[in-house]
Amino acid sequence: MTVQIIGTYATALCLLIGSGFIIVGVIGLLKFNDPMTRLHAPTKVGTIGIGMLLLASICHSFVLGDASVHELLIMAFLFVTAPISANFIAKVNIHRGACETPPSPPRDDTWSTLDTPNADLQMESDAQK
């Protein structure tokens, strides 16, 4: 097998994997009822799907003998911006009350602060003895 044939197979494999992920994302977008679950399908699956399609484009350009860096820049931009935009959309849904409010975490006064509960301090001092 030549490098060109292996590159063609790699390109086809990346196209199939990327298309499969995108189809799963589209089906999830159409089937889910809640805005938050609808948001989950295309952002999580679509990022991987588009990444695989861009990887297929990179493989194809190397098979043809052209080096292209544009796809890497698009991938980097996509992987940085997609989670941030999904987070913003989720926050808007929570603040508008368009979705069910998540339950409060246990020990709500310390879960996202630097305050340490007294019971944890006592356990640490007992462990040091």
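Residues numbered from 1 in each chain as written. Predicted model: local features only at pLDDT ≥ 70, side-chain atom pairs only at ≥ 80, totals over all residues. Heavy atoms only, no water.

Participant: Just to check I follow, could you spell out a nonpolar patch on the surface for this structure?
Facilitator: On the surface, a cluster of nonpolar side chains totalling about 490 Å² of accessible area is made up of Met1, Ile5, Ile6 and Tyr9. With respect to the helices, strands and loops of the structure, Tyr9 is situated in helix H1 (residues 3-31). Owing to a relative accessible area of 54%, Tyr9 belongs among the exposed residues under this scheme. (Patch = residues over 30% accessible without salt bridge, like charges linked within 9 Å, V, L, I, M, F, W, Y side chains within 5 Å. Areas by Shrake-Rupley, 256 points an atom, 1.4 Å probe, with all protein chains shown as cover. Salt bridge = Lys/Arg side-chain N within 4 Å of Asp/Glu carboxyl O. Helix = DSSP H or I, 4+ residues; strand = E, 2+ residues; numbered from the N terminus. Buried < 20%, exposed > 50% of the residue type's maximum accessible area, 1.4 Å probe, protein only.)

Participant: How should the state of the cysteines be read in this particular structure?
Facilitator: Simply put, the disulfide is a covalent bond whose two ends are the sulfur atoms of two cysteines. This model, assessed by the stated rule, comprises zero disulfides. Of the cysteine sulfurs around Cys14, a residue in no disulfide, the closest is that of Cys59, at 4.7 Å. Taking relative accessible area as the criterion, Cys14 reaches 9% and is therefore assigned buried. Take Cys59: its relative accessible area is 22%, and that puts it in the partly exposed class. (Disulfide = S-S within 2.5 Å.)

Participant: Even after reading the chapter, I still don't get the packing of helix H2 (residues 35-64) against helix H3 (residues 70-96), so can you show me in this structure?
Facilitator: The geometry of a pair of packed helices is captured by two quantities: the angle between their axes and the separation between those axes. Between H2 and H3, whose axes approach to 10 Å, the crossing angle comes to 180°. Considering the angle they form, H2 stands roughly antiparallel to H3. Residues Pro35, Met36, Leu39, Thr43, Thr47, Ile50, Gly51, Leu54, Leu55, Ser57 and Ile58 of H2 touch H3, and the partners they reach there are Glu71, Leu72, Ile74, Met75, Leu78, Phe79, Ala82, Ala86, Ile89, Ala90, Asn93 and Ile94. In terms of residue class, the contact of H2 with H3 is built from 17 nonpolar, five polar and one charged. (Axes fitted to C-alpha atoms, helices over the stretch in contact; angles between N-to-C directions. Parallel < 35°, antiparallel > 145°, perpendicular 65-115°, else oblique. Contact = heavy atoms within 4.5 Å. Nonpolar A, V, L, I, M, F, W, Y, C, P; charged D, E, K, R; others polar.)

Participant: What is the right way to read the environment of Ser61 from this model?
Facilitator: As for its placement among the helices and strands, Ser61 is situated in helix H2. The class for Ser61 is buried, based on a relative accessible area of 10%. It is 9.6 Å that separates the C-alpha atoms of Ser61 and Thr11, two residues lying 50 residues apart in sequence. Ignoring any residue separated from it by four or fewer positions in sequence, one finds Ser61 in contact with Asp66 and Ser68.

Participant: When you look at the side chain of Thr11 in this model, what are you seeing that I'm missing?
Facilitator: Mapped onto the elements, Thr11 comes out in helix H1. Judged by relative accessible area, Thr11 falls into the buried class, the value being 10%. Within polar-contact distance, the side chain of Thr11 engages the backbone oxygen of Gly7 at 2.8 Å. Setting aside anything within four residues of it in sequence, one finds Thr11 in contact with Ala56, Cys59 and His60. (Polar contact = N/O pair within 3.5 Å; in protein donor to acceptor, adjacent residues only side chain to side chain.)

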